[in-house]
Amino acid sequence: MTLTGRTALIFGGGSLDGKLTNGLAAAQAYAGAGAEVVIVDLQGQAAQDSREAILRALPDARVTALQGDVTDTDSVRTCVAEVLRTSGRIDILHNNVGVAVMGGPLDLEVADWDRALRLNLTSAFVTVKHVLPVMLRQGSGSIINIASIGGMRHVGYDYPAYAAAKAGLIQFTAHLAVQHGRDGIRANALSPGFIATPMMHQQITGSHSTAEEMIAARDALSPTGAMGSPEDVGAAALFLASDAARYVNGVCLPVDGGFLHQGVPGTS
């Protein structure tokens, strides 16, 4: 699954202190397969930390870090222009941004709901808006949108805004796949299940008494008996980005250990 000669643009690929996230794992997988990788993050330092983490493991990798805001169309336009200036092409667009906004209709303000949609769904629309013309000119490209198993079924957390946004992302991806398949462009989604990432400690711990309780509960929910790792998500992204998946278009691939097919948590 070589990506030699290709450029991968990852939005939301930053990681403060180089802690392994889904975005960083995908960036590492792309770089390891020979791609030139551009990591964009709202926090410029997080993008730089991801770059340095990759270079520690792969000293010869070609990795660039940029600061950018996926909710700001001008910011995304600037990032895309910079990638074209330095690389001349964009072969892989990887949308990794995801924020689990917790709370249901009785708890959330409308502004919170709008924020969840803007970060988890509209952000992908904005990046595609600016990268798709590049891929159309090239006559090729692979778009990979990181959704969530929560966009496919109830997972036991009270985050309907996040779930609705990720479900929308899955359908947005399917539309792109059908609309642009004849243009040489593939679009696919990945839906991670319970993955051991820093995000769960930052955004989900509050749903449990302790972090240890959260980890045990998430391990128990997986049919495999343990959460997956960011490397599992990165490996799946590499497959979808590569020519090994040349006839895979419009799918939503769960990376969940089989959780999608289990009963709903808290029910009999």
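In the block above lies the structure referred to throughout.
All figures in this text were calculated on a predicted structure; none of them were measured in a lab.

**As for the overall build of the protein**
For the protein, the count of helices and strands is 8 helices and 7 strands. Taken against the 2.2 N^0.38 rule, which gives 18 Å for 268 residues, the C-alpha radius of gyration of the protein at 18 Å falls within 12% of a compact globule. Evaluated residue by residue, the protein yields a buried proportion of 50% over its 268 residues. The long-range share in the protein, meaning contacts at least 24 apart out of those at least 6 apart in sequence, stands at 77%. Only carbon and sulfur atoms are counted for the fraction: they give 53% of the accessible area of the protein, which is about 11800 Å². Charged side chains in the protein number 18 positive and 24 negative. The centres of these two groups are separated by 10 Å.

**Regarding the pattern of salt bridges**
Taken as a whole and judged by the stated rule, the model has 5 salt bridges. In this structure, R6 engages D243 in a salt bridge whose closest nitrogen and oxygen atoms are separated by 2.7 Å. Of the two residues, R6 sits in the segment before β1 (7-11) while D243 sits in the loop between α8 (230-241) and β7 (252-255), which places them 237 residues apart along the sequence.

**Observations regarding the pairing of strand β5 (residues 141-146)**
Most of β5 sits out of view: 6 of its 6 residues are buried. The two faces of β5 match: G141, I143 and N145 on one face and S142, I144 and I146 on the other face are all buried. For strand β4 (residues 92-95) and β5, the ladder comprises 4 bridges, and the chain directions are parallel. Paired with N95 across the strands is N145, a residue of β5. Considered for its hand, the β-α-β crossover made up of β4, helix α4 (residues 110-138) and β5 is right-handed. With 6 bridges connecting them, β5 and strand β6 (residues 185-192) associate as parallel partners. Across the sheet, residue I144 finds its bridge partner in β6, namely N188. Once the chain exits β5 it traverses helix α5 (residues 160-180) before rejoining the sheet at β6, and the crossover so formed is right-handed.

**Focus: the sheet that holds strand β3 (residues 63-67)**
On the basis of which strands lie adjacent, the open sheet formed by 7 strands has the order β3-β2-β1-β4-β5-β6-β7 and parallel pairing. In this open sheet, the two strands that pair with only one neighbour each are β3 and β7. Each neighbouring strand pair of the sheet contributes to a mean axis angle of 20°, computed without reference to strand direction. Sheet contacts for helix α1 (residues 22-32): β1, β2 (36-41), β4, β5 and β6; angle to β1, the most-contacted strand, approximately 175°. Running over the sheet, helix α2 (residues 44-57) touches β2 and β3 and is turned about 170° from β3.

**Some words on the packing of α1 against α8**
Interaxial distance between α1 and α8 falls to 8 Å at its minimum, and their mutual angle equals 50°. Between α1 and α8, the interaxial angle falls into the category oblique. When you trace α1 past α8, the crossing you get is right-handed. Packed against α1, whose contacting residues are N22, A25, A26, A29 and Y30, the element α8 presents P230, E231, V233, G234, A237, L238 and A241 at the interface. Class assignment for the residues of the contact of α1 with α8 results in 9 nonpolar, 2 polar and 1 charged.

**Here we look at helix α3 (residues 73-87)**
Given a rise of 1.5 Å per residue, 15 residues ought to cover 21 Å, and the 21 Å separating the end C-alpha atoms of α3 matches this to within 8%. Turning to α3, its buried residues are S75, V76, C79, V80 and V83. All buried residues of α3 project into a common sector of 135° when viewed along the axis, lining one side. Exposed positions of α3 whose direction lies more than 90 degrees from the buried face are T78 and R85. On the buried face of α3, the contacting elements are β1, β2, β3 and α4. For α3, the side-chain oxygen to backbone nitrogen distance between the N-cap and D74 is 2.9 Å, and the N-cap itself is D72. Taken from the residues just after α3, G88 is the one with a positive phi, measuring 85°.

Criteria and thresholds
- Residues numbered from 1 in each chain as written.
- Predicted model: local features only at pLDDT ≥ 70, side-chain atom pairs only at ≥ 80, totals over all residues.
- Heavy atoms only, no water.
- Helix = DSSP H or I, 4+ residues; strand = E, 2+ residues; numbered from the N terminus.
- Rg over C-alpha atoms; globule rule 2.2 N^0.38 Å.
- Buried < 20%, exposed > 50% of the residue type's maximum accessible area, 1.4 Å probe, protein only.
- Contact = heavy atoms within 4.5 Å.
- Areas by Shrake-Rupley, 256 points an atom, 1.4 Å probe, with all protein chains shown as cover.
- Lys, Arg positive; Asp, Glu negative; His and termini not counted.
- Charge placed at Lys NZ, Arg CZ, Asp CG, Glu CD.
- Salt bridge = Lys/Arg side-chain N within 4 Å of Asp/Glu carboxyl O.
- Pairing = 2+ DSSP bridges.
- Right-handed = clockwise from strand over helix to strand, strands pointing away.
- Axes fitted to C-alpha atoms, helices over the stretch in contact; angles between N-to-C directions.
- Parallel < 35°, antiparallel > 145°, perpendicular 65-115°, else oblique.
- Left-handed = near helix turned anticlockwise from the far one by under 90°.
- Nonpolar A, V, L, I, M, F, W, Y, C, P; charged D, E, K, R; others polar.
- Expected span 1.5 Å × (residues − 1).
- Arc of directions from axis to C-beta.
- Polar contact = N/O pair within 3.5 Å; in protein donor to acceptor, adjacent residues only side chain to side chain.

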